[in-house]
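# An overview of the molecular structure
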Amino acid sequence: MTTIEDLKTTYRDLTMLMSALALMGWDQRTYMPDEGANHRAEAFGFIHSDFFKRATSDEVGNMISDLKSPETYGSLSFVEKSMVDKADREYRRAKAIPPELMHRYSVLSTKCEKIWETARKRDDYEMFKPHFKELLSIVKEMTRHYGYEDNPYDALVDNYEPGMTAAKIKAIIYPLRDHLVPLVEDLSRRSKDSGEISMNGHYPANLQKKLFLNVLEVMGFDFSRGRIDETAHPFTTSIGPGDIRISTKYLEHDFTIGLFGTMHECGHGMYEMGYDDEHVYTPVYGPASLGIHESQSLMFENHIGRSLPFLTYFYPKIQEIFPRRLSDISLHDFYRAVNTVRPSLIRIDADEVTYNLHIIIRFELEDAMINDRLEVDDLPAAWNEKYKQYLGIEPPSDADGVLQDVHWSSGMIGYFPTYMLGTLYSAQFYAKAMEDLPNLEEKMTDGDIQPLVDWLREKIHKPGAIYKPEELIERVTGSKPDSKYFIDYITRKFSDLYR
Ligand code: ZN
């Protein structure tokens, strides 16, 4: 008879292979010499296909259906049921796509991403277009295999944010969009009127390193269970329990990019460090979703890092490290400089207020393409039109417009909303934490963020993937995901800032 222990044994084996892949991936993005790339791709592919074969074997399928049988399933605990449900979802998703289609997808997405790199450099959408067209038609075909009720988009977003649908996203974002467009107009005018503060200067990498280690320490990052390294495109990965890797970059002309990036990755790392040890090597030892993951990084980057209470404590320490450049920039000026609201072309450089408009644009275009309301031929024009409409600016080129992100070129459609959901979830969590911990910001002013970290650990990190994101949010905050908390947060923060 199949028992939950069988599932645990299987997941233990799968986790070991995943761990090898994670370490290889981490090394590839940090220290691997260029010439190692071919071998690494081979080795990675070899282990990955072994992983995939095991994960999609009939043995695993039979085990899951045994565990799903009413009699066995009924005898399981709540957490065990979650384990089986998650394993079932993962199995069905992995099996949904016929191998031949999966192969076409992976060949084409790799090729399309390479072409995108050149097309972006040359600002040449025409070059990218035929390949993206083909890739998009494969992605559409995949949605039919995954299955969906209302909208093929649901089949895609569900991969990153279990339970999320296009209809739910629309219900969340329409009030947000209608609120943000006039707010951005107002704030960017006021931000311009109050004058710009440039942080440009020369900040030696070794001093930045000292500063970033310091901020990680204050934020409670556990160096006995994690480390930080340097990379061109910072990321976080988990090699396994007790081995969480975050990364950062040191830009000598402006330390703030690396500083807030480090806090961001710290938030991702803290989540990975916080899962309940009791569930190690099981399907629920992991994030509830990408949106929840992002909510944790944004909690550390924005709600803590860019807040006045935290900077009141931490800015003097920054000044100590760069005394010459920062001696005549006051706390308030620094606070304003790292919270400037300005419509801009590039998503990854966007501020907290305008960021979600970048995402809303991408979501609306994806939804239109997947539902055949928008042709790939007309994508750049539609992109530019929306930037004009929502942000009041028009991209001068496709390189800084429709070609700026890698996601579409690698077939990732339905991914962008998770960034936005992260901003909304983090505001909703933070509002609840403020309610539960009345002197939270007072303590933050003294550099004590432990009460908040403990709160996040208990409520969000420990459960891991036991709950789907929507359930988790409702359990923690008492209400469903709602953009009003984010709207309240930015309205309060930025009207104070530009009073
Ligand atoms: Zn992130």
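Residues numbered from 1 in each chain as written. Predicted model: local features only at pLDDT ≥ 70, side-chain atom pairs only at ≥ 80, totals over all residues. Heavy atoms only, no water.

Scanning the chain from terminus to terminus reveals 22 helices and 3 strands. Computed over its C-alpha atoms, the radius of gyration of the chain comes to 23 Å, within 12% of the 23 Å expected for a compact globule of 499 residues. Taking all 499 residues of the chain together, the buried fraction comes to 54%. Total accessible area on the chain is roughly 22,500 Å²; 50% of this is exposed by carbon and sulfur atoms. (Helix = DSSP H or I, 4+ residues; strand = E, 2+ residues; numbered from the N terminus. Rg over C-alpha atoms; globule rule 2.2 N^0.38 Å. Buried < 20%, exposed > 50% of the residue type's maximum accessible area, 1.4 Å probe, protein only. Areas by Shrake-Rupley, 256 points an atom, 1.4 Å probe, with all protein chains shown as cover.)

Time to look at unusual backbone geometry. The backbone phi angle of aspartate 123 is positive, close to 55 degrees, even though this residue is not glycine. Along the chain, the position of aspartate 123 falls in the loop between helix 6 (99–122) and helix 7 (125–146). Positive phi outside glycine occurs at aspartate 372, with the angle close to 60 degrees. Note on placement: aspartate 372 falls in the loop between helix 16 (352–370) and helix 17 (379–391). Taking the relative accessible area as the measure of exposure, aspartate 372 reaches 54% and is therefore exposed.

For the rest of this paragraph, the subject is the coordination of the zinc ion. The protein atoms that coordinate the zinc ion are His264 (NE2), His268 (NE2) and Glu294 (OE), at distances of 2.1 to 2.3 Å. Between consecutive donor residues of the zinc ion, the sequence gaps follow H-x3-H-x25-E. You can see histidine 264 sitting in helix 11 (residues 255–273) and its partner glutamate 294 sitting in helix 12 (residues 290–305), a full 30 residues away along the chain. Just as histidine 264 is buried, glutamate 294 falls in that class too. (Donors = N, O, S within 2.8 Å, 3.2 Å for Na, K, Ca; no water.)

Looking at the element boundaries, valine 280 is found in the loop between helix 11 and helix 12. Valine 280 sits in the partly exposed class, given a relative accessible area of 26%. Along the backbone, valine 280 and arginine 12 are 268 residues apart, and their C-alpha atoms lie at a distance of 8.5 Å. Those residues within four positions of valine 280 in sequence are excluded, and the remaining contacts are Pro241 and Tyr285. (Contact = heavy atoms within 4.5 Å.)

Looking now at the environment of leucine 403. Note on placement: leucine 403 falls in the loop between helix 17 and helix 18 (416–436). Among the residues examined, leucine 403 registers a relative accessible area of 1% and is labelled buried. Sequence-distant contacts of leucine 403, defined by excluding residues within four places in its chain, comprise Trp116, Ala119, Arg120, Asp124, Tyr125, Phe128 and Asp398.

So, on to helix 18. Taking 1.5 Å of rise per residue, 21 residues should cover 30 Å, and helix 18 covers 31 Å from first to last C-alpha, within 8% of that figure. For helix 18, the tally of buried residues reaches 17 of 21 residues, placing the bulk of the element in the interior. (Expected span 1.5 Å × (residues − 1).)

Between its terminal C-alpha atoms helix 22 (residues 484–497) stretches 20 Å, which fits the 20 Å expected from 14 residues at 1.5 Å a residue. Listing the buried residues of helix 22 in full gives Tyr485, Phe486, Ile487, Tyr489, Ile490, Lys493, Phe494 and Leu497. In the core, the buried residues of helix 22 are packed alongside helix 9 (166–193), helix 12, helix 15 (331–337), helix 16 and helix 18.

Time to look at the packing of aromatic side chains. All chains considered together, the criterion is met by 24 aromatic pairs. Where phenylalanine 128 meets phenylalanine 132, the ring centres are 5.3 Å apart and the plane angle is 15 degrees; that geometry is what we call stacked. Linking phenylalanine 128 with phenylalanine 132, this pair stays in helix 7, spanning 4 residues, or about one helical turn. With respect to burial, phenylalanine 128 and phenylalanine 132 carry one shared label: buried. Their ring planes at 20 degrees and their centres at 5.4 Å tell us that phenylalanine 310 and phenylalanine 314 sit as a pair that is stacked. Here the residue phenylalanine 310 and the residue phenylalanine 314 both occupy positions in helix 13 (residues 308–321), the gap between them amounting to 4 residues, near one helical turn. A residue is classified by how much of its surface remains accessible, and phenylalanine 310, at 0% relative accessible area, is buried. Of the aromatic side chains, those joined through ring pairs into one cluster are Tyr125, Phe128, Phe132, Tyr160, Trp383, Tyr387, Trp408, Tyr415, Phe416 and Tyr419. Across from the ring centre of tyrosine 73, 5.7 Å away, lies the NZ or CZ of lysine 81, which sits over that ring. (Phe/Tyr/Trp six-rings, centres within 6.5 Å; stacked < 30°, edge-to-face > 60°. Lys NZ or Arg CZ within 6 Å of the ring centre and 35° of its normal.)

Before going further, it helps to spend a moment on the side chain of threonine 10. The residue threonine 10 is located in helix 1 (residues 4–30) in this model. Once residues within four sequence positions are removed from consideration, threonine 10 is found in contact with Val60 and Met63.

Here the structure, examined in full by the defined rule, presents 33 salt bridges. Taking the shortest distance from any N to any O, the salt bridge between lysine 8 and glutamate 5 comes out at 3.7 Å. Placement of both lysine 8 and glutamate 5 in helix 1 is noted, with a separation of 3 residues, approximately one turn of the helix. Using a relative accessible area of 26% as the deciding quantity, one classes lysine 8 as partly exposed. Between lysine 493 and glutamate 352 there is a salt bridge, with its nearest N and O atoms 2.9 Å apart. (Salt bridge = Lys/Arg side-chain N within 4 Å of Asp/Glu carboxyl O.)

Our focus in this paragraph is the environment of threonine 9. With respect to the helices, strands and loops of the structure, threonine 9 is situated in helix 1. Once the C-alpha coordinates of threonine 9 and tyrosine 281 are considered, the two residues, 272 residues apart in sequence, prove to be 8.3 Å apart.

Here we take up the domain arrangement of the chain. Entries for the chain in the domain assignment read domain 1 (4–147) and domain 2 (167–497). If you average the C-alpha positions of domain 1 and of domain 2, the two centres end up 26 Å apart. Between domain 1 and domain 2, the contact holds 38 residues from the first and 41 residues from the second. Taken as a group, Trp26, Arg120 and Tyr125 account for 19% of the area that domain 1 buries against domain 2, more than any other trio of residues on that side. Across the domain 1-domain 2 interface, the total number found is 3 salt bridges. (Domains from an automatic or database assignment. Buried area = accessible area lost by both parts, 1.4 Å probe.)

Put simply, helix 18 and helix 21 (residues 469–477) touch, their axes get as near as 10 Å, and they point 20 degrees apart. Here helix 18 is positioned roughly parallel relative to helix 21, judged by the angle of their axes. Two packed elements cross with a definite hand, and for helix 18 against helix 21 that hand is left-handed. Contacts between helix 18 and helix 21 pair Tyr425, Gln428, Phe429 and Lys432 from the former with Pro469, Ile473, Val476 and Thr477 from the latter. (Axes fitted to C-alpha atoms, helices over the stretch in contact; angles between N-to-C directions. Parallel < 35°, antiparallel > 145°, perpendicular 65-115°, else oblique. Left-handed = near helix turned anticlockwise from the far one by under 90°.)

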